Amino acid sequence: MHAVPVSPQQLLQLVVEDNLDAAVCAGLMDYTAAPDDTTLTPAQSQLLLETQQRLRIAWAARERYRARDARLARRAAEREARRTPPPPPDSKPALPSAAAAILARAKARAAQKPSS
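Residues numbered from 1 in each chain as written. Predicted model: local features only at pLDDT ≥ 70, side-chain atom pairs only at ≥ 80, totals over all residues. Heavy atoms only, no water.

### Things to note about the overall build of the chain
To be explicit about the condition: In this description a helix means any DSSP run of H or I spanning at least four residues, a strand means any run of E spanning at least two, and both kinds are numbered starting from the N terminus. A 1.4 Å probe rolled over the protein chains alone gives each residue an accessible area, and that area as a share of the maximum for its type sets the label: buried under 20%, exposed over 50%, partly exposed in between. In what follows, residue pairs with any heavy atoms lying within 4.5 Å of each other are defined as contacts. All accessible-area figures derive from a Shrake-Rupley calculation using a 1.4 Å probe, and residue coverage is judged against the displayed protein chains alone.
For the chain, the count of helices and strands is four helices and zero strands. Starting at the N terminus, the α and β elements of the chain follow one another as α-α-α-α. Scored against the burial criterion, the 116 residues of the chain give a buried share of 15%. Intrachain contacts of the chain at a sequence separation of at least 6 include 45% that bridge at least 24 residues. Element-wise, carbon and sulfur atoms account for 58% of the exposed surface of the chain, whose accessible area totals about 9500 Å².

### Considerations on unusual backbone geometry
Here Asp18, not a glycine, exhibits a phi torsion of approximately 60°, which is positive. On the secondary structure map, Asp18 appears in the loop between α1 (8-16) and α2 (20-25).

### Comments concerning helix α3 (residues 42-83)
Heads up, the rule is: The length a helix should cover is 1.5 Å for every residue beyond the first.
Between its terminal C-alpha atoms α3 stretches 61 Å, which fits the 62 Å expected from 42 residues at 1.5 Å a residue. Among the residues of α3, those classed as buried are Ser45, Leu48, Thr51, Gln52 and Leu55. The inward-facing, buried residues of α3 abut α1 and α2.

### Some words on the confidence of the model for the chain
To keep it simple, the criterion reads: A score from 0 to 100, pLDDT tells how confident the predictor is in each residue.
Confidence along the chain averages 88 in pLDDT terms, with 89% of residues attaining 70 or more. When pLDDT is averaged over each helix and strand of the chain, the minimum, 89, is found for helix α4 (residues 97-112) and the maximum, 95, for α3.

### Concerning the nonpolar core
Selection criterion: Among buried residues, the Ala, Val, Leu, Ile, Met, Phe, Trp, Tyr and Cys ones that are joined through side-chain atoms within 4.5 Å form a nonpolar core.
Of all hydrophobic cores here, the largest spans 13 residues; its most connected members are Leu11, Leu28 and Leu48. Of all elements in the fold, only α1, α2 and α3 reach the threshold of two or more residues within this core. If near-sequence neighbours (up to four positions away) are discounted, Leu11 is found in contact with Val6, Ala23, Ala26, Gly27, Leu28, Tyr31 and Leu48.

### Let's talk about α1
Our working definition: Think of the arc as the fan of directions from the helix axis to the C-beta atoms.
Within α1 the residues assigned to the buried category are Leu11, Leu12, Leu14 and Val15. All buried residues of α1 fall inside an arc of 160° around its axis, so they share one side. Where α1 is buried, its residues contact α2 and α3. Within two residues after α1, Asp18 carries a phi angle of roughly 60°, on the positive side.

### A closer look at the side chain of Gln52
If you trace the backbone, Gln52 turns up in helix α3. A residue is classified by how much of its surface remains accessible, and Gln52, at 4% relative accessible area, is buried. Among all residues touching Gln52, those that are not within four sequence positions of it are Leu28, Met29, Asp30 and Tyr31.

### Considering the environment of Leu11
Mapped onto the elements of the fold, Leu11 is located in helix α1. As for Leu11 and Ala26, which are separated by 15 residues in sequence, their C-alpha atoms are 7.0 Å apart.

Encoded structure:
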């Protein structure tokens, strides 16, 4: 966001009106209270500084939430990848040796029997 420089009184008015988006765009986060500034009372300056602090805390919380959400999604995907069996190979799986021997004997018996 590009800050459009406005006076501290205008910033205060935007904050009092609860128009924080406009206040941020107008440079609220760049505001610093100057000790020789007589345009605002100390209480008004304090309100602007407290608003800055609340916004910083909220933005940090939002970033932590997003990071947590991304971390949980990554963990869920990793867990799902471990659960999903690998895709079957293209060829038929070989029979175990015991099953192959049984099948071979059955085929041999079937070949020896005369068909009716």
